[in-house]
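Here is what each chain is made of, one letter per residue.
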Amino acid sequence: MWHIDCEICRLIYSDSGVSAALLKVLLLDNSCSNQLVFMIGTMMEAVGNGIPAGDKLVLRGLKFHGYHGVKPEEKTLGQKFVIDVDAWMDLRKAGKSDDLSDTLSYTAIYRIVKEVVEGQSQNLLESVAQMIASKIFTNHPQISAVRVQVKKPHVAVPGSLDYLGVEIIRYRSIDAPN
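Residues numbered from 1 in each chain as written. Predicted model: local features only at pLDDT ≥ 70, side-chain atom pairs only at ≥ 80, totals over all residues. Heavy atoms only, no water.

A. Molecular detail of the overall build of the protein. Within the protein, the regular secondary structure consists of 8 helices and 4 strands. Sequence-ordered secondary structure for the protein, helices as α and strands as β, is α-α-α-β-α-β-α-α-α-β-β-α. The buried share of the protein, reckoned over its 178 residues, is 38%. Of the roughly 10500 Å² that the protein leaves accessible, carbon and sulfur atoms contribute 55%. (Helix = DSSP H or I, 4+ residues; strand = E, 2+ residues; numbered from the N terminus. Buried < 20%, exposed > 50% of the residue type's maximum accessible area, 1.4 Å probe, protein only. Areas by Shrake-Rupley, 256 points an atom, 1.4 Å probe, with all protein chains shown as cover.)

Shown next as structure tokens:
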């Protein structure tokens, strides 16, 4: 439902490509129930794309052997999984100080991914990705959002492919509130 007199509602239902900064200003003084929708929108680079904005740690191509899947051979033989992680956090202080204690070591995230992928078998890649995201939020409160991509490069499907997989984006404010 939208309100004809509400600036936020007009922006929601227009194709104006409103910036996140403008939405933040409008949210400060508005009581419309659609505010929650746009509070989420302010965390995005552009309205509607779902990608968090700002600084992030980037881990690409982490390879592990795990036993995830629904087929019996996946549970017994296992297979290779390739994981990519983006972890959003403010890196300004570390950028200015050049001090490791002002950031988060990549190896801390690497260890979480390794523990999950090489750990208890899960049926679904969605579950593997969710476990990684949840553990990152639990262990590292400075992370505001995380993107996890779980890829299976060796899948028994007819045809040529690089991998099949899943990608999730989770926000601390929504998925791991205090």
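B. Inspection of the pattern of salt bridges at higher detail. In total, this model carries 10 salt bridges according to the counting rule given. Arg-92 is the partner of Asp-90 in a salt bridge, and the nearest nitrogen-oxygen pair spans 2.8 Å. The shortest N-O distance in the salt bridge between Glu-115 and Lys-135 comes to 3.0 Å. A residue pair is termed long-range when its members are at least 10 positions apart, and Glu-115 in helix α6 (residues 106-117) and Lys-135 in helix α7 (residues 125-139) qualify at 20 residues. The exposure class assigned to Lys-135 is partly exposed, which follows from its relative accessible area of 30%. Where salt bridges share partners, they join Lys-56, Arg-60, Asp-86, Arg-147 and Glu-167 into one cluster. (Salt bridge = Lys/Arg side-chain N within 4 Å of Asp/Glu carboxyl O.)

C. Quick peek at the side chain of Gln-149. Mapped onto the elements, Gln-149 comes out in strand β3 (residues 145-152). By relative accessible area, Gln-149 is classed as buried at 14%. A distance of 3.2 Å separates polar atoms of two side chains, one belonging to Gln-149 and the other to Glu-167. Filtering out sequence-adjacent residues up to four positions away, Gln-149 remains in contact with Val-82, Ile-83, Asp-84, Tyr-163, Val-166 and Glu-167. (Polar contact = N/O pair within 3.5 Å; in protein donor to acceptor, adjacent residues only side chain to side chain. Contact = heavy atoms within 4.5 Å.)

D. Region of the structure containing α6. Taking 1.5 Å per residue, 12 residues should reach 16 Å; α6 reaches 17 Å between its end C-alpha atoms and fits that length. Taken together, the buried positions of α6 are Ala-108, Ile-109, Ile-112, Val-113, Val-116 and Val-117. Projected onto a plane normal to the axis of α6, the buried residues spread over an arc of 160° and lie on a single side. Packed against the buried residues of α6 are β1 (56-66), β2 (79-88) and α7. (Expected span 1.5 Å × (residues − 1). Arc of directions from axis to C-beta.)

E. Representation of α7 within the structure. With 15 residues, α7 should cover 21 Å at 1.5 Å per step; its first-to-last C-alpha distance of 21 Å lies within 8% of that length. All of the buried residues along α7 are Leu-125, Val-128, Ala-129, Ile-132, Ala-133, Ile-136 and Phe-137. Summarising the axial view, the buried residues of α7 lie within an arc of 165°, below the 170-degree limit, and thus occupy one face. The elements touched by buried residues of α7 are β2, α6, β3, β4 (164-171) and α8 (172-175).

F. Summary view of the side chain of Glu-74. Along the chain, Glu-74 turns up in helix α4 (residues 72-76). Taking the relative accessible area as the measure of exposure, Glu-74 reaches 13% and is therefore buried. Looking at Glu-74, its side chain comes within polar contact range of the main-chain nitrogen of Lys-71, at 3.0 Å. When sequence neighbours within four positions are dropped, the list of residues in contact with Glu-74 reads Tyr-67, His-68, Gly-69, Gln-79 and Lys-152.

Any functional reading would require information beyond the geometric quantities listed.
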